[in-house]
Amino acid sequence: MDKGCTHAMGSLGRNVWIIGAHTTRFGRRIEDGFKDLCGEALHGALADAGLADGHNITSISVSNSGMGGWGQSSIRGQICLEPQFANGLLRVGTPVTNVENACAGGATALRQCVLEVVSGQAHLALALGVEKLNRPKDAPQTFEGFMGGIDALDPGVWKELYRAAAESVGRTFEIAPDRSVFMDLYAIRALHYMRAHAITVEQLAVVAAKNHTNGSLNPRAQYRFTLSIEEVLADRVVSAPFTRAMCAPVSDGAAACLLASDEALMQLPVAVQERAVRLRSIAIQGALRGGPCDPGASHIAARVAYAQAGLGPDDIDVAEVHDATVFSEIFQSEMMGFCPPGQGGLLAARGETGPGGRIPINMSGGLISKGHPIGATGLSMICELVEQLRGEAGPRQVPGAHVGLAENGGGISAFDEAVACVALLSRA
């Protein structure tokens, strides 16, 4: 077992089923507030589970990162769901737990609900994520909000770390008001990795073109247009080597998943039982704090998740990984064990991660095309896998998909994700 891997191995102990899943349309939802988006996701998840209301839900976990910037710094989930308590859709008194774990908040909320079900504390639990990042009258504040995903108490440490890392690849590290600092940090790591493993900019563009094509088939995606490799490369440079088409957009949206125990599932109609998707395992890992070319936290989380489920990389039929940039997808395909280290670019270039490939990745369009409303992102990945495993993904469908993997990462600690979460699902 890898150093730093302290998770208990083995199965979850009890079955956990996803019976309802719904993602709102992602994009610039200027006209919709947090409460609107949460209500839309909740109604969708209940309808997907064939439930008229959520009175039997006994635990709710809500993921959000940026609502404090809108004036609601505490009890965010309770406030967002207040209309649903008031109109009777949810049972008054149902406890709500608030989760903040940067871009991995959605997966962390899901894990919280899994723990509730596995422990017997809840038989029906709701995980919900929501974010509104678009501020049309105050764009700089949007990018300032991302600074919460890195050390804001002692920024000199990481600034010096990245300044030195940038100089060693011929770059100057500087923070600009017109983009997220994360794009600069990802770019520096990507340049180091590309130099070490001969990954090319063209391979980055292959991933971007693939995900934009996938997103064009997703009715909930923020970007629903295709781009050729040439168009990706010709787009405006955000932070070299990344063009705009290689980076996730600023998004608003919500997603929700309804989890059930065996006992709760057996009380539901056969039609609901037949569409239930089993959550086989879920693992979380903190930053390893290695160098820019070292394996990351997600590598450990994946190994633990595989061990819990009794599965391996070759068992995965479809995957959703955290592609905040196209480099992230290439790197995570290696961390998930889909190819050897340094081979992620070739994996994509050979078409193995596209539709019809050996391991289709980000059929939803990924964060690059689907969008990245931070608190909702991880749950939207799960929603996509639920559709895929049910055979309900329409033109994005991976034929015969039986086992799916989701990797959701958040924040930055040195050159690693501050937290990484990997979940495995399978068809009932």
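Residues numbered from 1 in each chain as written. Predicted model: local features only at pLDDT ≥ 70, side-chain atom pairs only at ≥ 80, totals over all residues. Heavy atoms only, no water.

1. Here's the deal with the sheet that holds strand β8 (residues 277-286)
Consideration 1: One open sheet accounts for 9 strands, arranged β3-β2-β4-β7-β1-β8-β11-β10-β9; its pairing is mixed. Strands at the two margins of the open sheet, each flanked by one partner only, are β3 (96-99) and β9 (318-320). If you compare each strand with its neighbour and ignore which way they point, the axes differ by 25° on average.
Consideration 2: Inspection of the sheet shows strand β1 (residues 17-23) paired to β8 by 2 bridges, in the antiparallel sense. In the sheet register, tryptophan 17 faces β8, and the bridge partner there is arginine 278.
Consideration 3: Strand contacts of helix α4 (residues 105-119): β2 (59-63), β3, β4 (124-132), β7 (252-260), β8, β10 (403-413) and β11 (416-427), with the helix running at about 120° to β8, the strand carrying the most contacts. (Pairing = 2+ DSSP bridges. Helix = DSSP H or I, 4+ residues; strand = E, 2+ residues; numbered from the N terminus. Axes fitted to C-alpha atoms, helices over the stretch in contact; angles between N-to-C directions. Contact = heavy atoms within 4.5 Å.)

2. Re the environment of leucine 311
Consideration 1: Residue position: leucine 311 is located in the loop between α12 (297-309) and β9.
Consideration 2: For the pair formed by leucine 311 and valine 403, sequence separation is 92 residues and the distance between their alpha carbons is 9.4 Å.

3. Section: the pairing of β2
Consideration 1: In terms of burial, β2 is a largely internal element, 5 of the 5 residues being buried.
Consideration 2: Neither face of β2 is open: one carries Ser59, Ser61 and Ser63, the other Ile60 and Val62, and all of them are buried.
Consideration 3: In this sheet, β4 lies alongside β2 in parallel orientation, the contact comprising 5 bridges. By the bridge assignment, serine 59 is partnered in β4 with alanine 125.
Consideration 4: Relative to β3, β2 runs parallel, the two sharing 4 bridges. (Buried < 20%, exposed > 50% of the residue type's maximum accessible area, 1.4 Å probe, protein only.)

4. A closer look at unusual backbone geometry
Consideration 1: Across the junction of alanine 240 and proline 241, the peptide omega takes the value 15°, indicating a cis bond.
Consideration 2: Checked against the element boundaries, proline 241 lands in the loop between β5 (237-239) and β6 (242-243).
Consideration 3: Although it is not a glycine, asparagine 362 sits at a positive phi angle of roughly 60°.
Consideration 4: Structurally, asparagine 362 can be placed in the loop between α14 (344-349) and α15 (366-370).
Consideration 5: Taking the relative accessible area as the measure of exposure, asparagine 362 reaches 0% and is therefore buried.

5. Re the packing of aromatic side chains
By convention here, two paired aromatic rings are described through the distance between centres and the angle between planes.
Consideration 1: For the structure shown, the criterion picks out 9 aromatic pairs.
Consideration 2: The interplanar angle of 35° and the centroid separation of 6.1 Å between the aromatic rings of tyrosine 162 and phenylalanine 173 together place this pair among those described as tilted. A residue pair is termed long-range when its members are at least 10 positions apart, and tyrosine 162 in helix α6 (residues 155-167) and phenylalanine 173 in the loop between α6 and α7 (181-197) qualify at 11 residues. Of the two residues examined, tyrosine 162 and phenylalanine 173, each falls in the buried class.
Consideration 3: Through pairs of rings, three or more aromatic residues link up here, namely Trp158, Tyr162, Phe173 and Phe415.
Consideration 4: Its end group placed over the ring of tryptophan 70, arginine 135 keeps NZ or CZ at 4.2 Å from the ring centre.
Consideration 5: The ring of phenylalanine 331 has arginine 189 sitting right over it, with the charged end atom 4.3 Å from the ring centre. (Phe/Tyr/Trp six-rings, centres within 6.5 Å; stacked < 30°, edge-to-face > 60°. Lys NZ or Arg CZ within 6 Å of the ring centre and 35° of its normal.)

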